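# Results of the structural survey
One-letter residues, chain by chain:
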Amino acid sequence: MNRVALARYDPAVSNVQALNRRRFLQSVAKTGAASALMSFSPLRAATTTQHVEKVIVVTFGGGARDEETFAPEGQQYIPHLVGELIPQATFFTQVVNRGILGHYVATASLATGCYETFNNFAPVSPANPTIFEYYRRDRHRRASDAWVIAPSNGFNHIGESGHRIYGKGLGATVVLPKQLLEVANGNRGADYEHLLRDNYESIVQLPSDGEHVISVHDLAELMQLSMTDFLAHARMIASPDELSLYIAQHLMQKIAPSFMWITLHDIDIAHSGAFSLYTNAIQRSDRICADLWQSIQNNPEYKGKTALFILPDFGRDGDTDAGGNGFQHHRTGDALSRTTWIIALGPGIRENITADRPVESIDLVPTLAALLQCNARFAQGHLLHEVL
Ligand SMILES: [Zn+2]
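What this report covers is the structure whose coordinates are included nearby.

Reading guide: rules and limits
- Residues numbered from 1 in each chain as written.
- Predicted model: local features only at pLDDT ≥ 70, side-chain atom pairs only at ≥ 80, totals over all residues.
- Heavy atoms only, no water.
- Helix = DSSP H or I, 4+ residues; strand = E, 2+ residues; numbered from the N terminus.
- Buried < 20%, exposed > 50% of the residue type's maximum accessible area, 1.4 Å probe, protein only.
- Salt bridge = Lys/Arg side-chain N within 4 Å of Asp/Glu carboxyl O.
- Polar contact = N/O pair within 3.5 Å; in protein donor to acceptor, adjacent residues only side chain to side chain.
- Contact = heavy atoms within 4.5 Å.

Note on placement: Pro72 falls in the loop between strand S2 (54-59) and helix H2 (79-85). For Pro72, a relative accessible area of 55% puts it in the exposed group. It is 6.5 Å that separates the C-alpha atoms of Pro72 and Phe24, two residues lying 48 residues apart in sequence.

In structure tokens, the structure reads:
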């Protein structure tokens, strides 16, 4: 545990936040759905005995607060999560992130199951093996079976660690849709400027070292992606996350990979201080999650055998903390910015259940490994036994 980073973390606040989330959702369930949301009980049988063969992970872009999501005043922004997905899911209300609250390093920590400690703005690989490497090595899967779709050029090393036993050649294939768009458009960014903004809190433009990165041309070929179609679609959409959704749906149709990881990031526009752009992005992320779930249901390669995990990388600051700026940033390291949630749904995963015990964001990897039948032996988290 990093004592400096956690100096402001108060577990009692996390616990209150988790119970509030459960209460907020219960009030919705009572008014809207047929059955009320139940607390997890180890005695309750799973809804089905089907097995998970494929997994899709969505990080709920850049962190949102409960005031704009699960609280009564926030539920207007997440109608799909609240009304469609959570009633079919096991919902973890208290997922604590004890690591560094920068998007790349936090997302890398989610993917390794260890709190990575590298500089968030450095172009480096995670130190510990990623879930993609465990999966590909143990299950003898090709690179085309594990994909990461990531929001900004700073994420180009997330698919593969620098670990001496795993690492090179065993990672996920990483798609950076913005990079694809730049190349497809002949580096004439003007037409797509609204899609090409990079990470909203990047301080410097990082040099791309080119290592481990296959050429965009080879990548497009591997994806069976027509650049003409891609450009035509990009012209019609409003945000980088919609571009990521397009790539994900394209991969599902053409290649049907067993493992996809999609990092949404539009919500982080909150750093600009524009509340309406932040809530618009939450609404968009909510819709994208529902669209992905629908794509799973509409595709025989995925329907009935795919688990979907949705979780933020971390939260944002509270309104009352003098060290923060409310929704705008995530700089205080307080309990509100550290206490997130996980929505897990799919075959064999209990529906309409909350698990309120404190778990950690690094518990995701051991859980995914159990579902994908590989051994995440260097991961430091623990199994989320509620979904197994
Ligand atoms: Zn941010």
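Having put the structure on the table, let's press on.
Next up on the list: the pattern of salt bridges. The full count for this structure, using the stated rule, is ten salt bridges. Its salt-bridge partner being Arg22, residue Asp356 comes within 3.4 Å of it at the nearest N-O pair. Of the two residues, Asp356 sits in the loop between strand S9 (353-355) and strand S10 (359-360) while Arg22 sits in helix H1 (residues 11-32), which places them 334 residues apart along the sequence. Given a relative accessible area of 18%, Asp356 falls into the buried group. Across the pair Arg141 and Asp145 runs a salt bridge whose closest N-O atoms are separated by 2.9 Å.

Before going further, it helps to examine the side chain of Arg21. As for its placement among the helices and strands, Arg21 is situated in helix H1. Look at Arg21 and you get buried, because its relative accessible area is 1%. Polar contacts involving the side chain of Arg21 include one to the main-chain carbonyl oxygen of Thr93, which spans 2.9 Å. For Arg21, the contacting residues outside a window of four places in its chain are Asp66, Phe70, Phe91, Thr93, Thr339, Thr340 and Trp341.

This part covers helix H4 (residues 131-139). Turning to H4, its buried residues number three or more, namely Ile131, Phe132, Glu133, Tyr134, Tyr135 and Arg136. Where H4 is buried, its residues contact helix H3 (103-112), strand S4 (146-149), strand S6 (259-263) and helix H12 (364-372).

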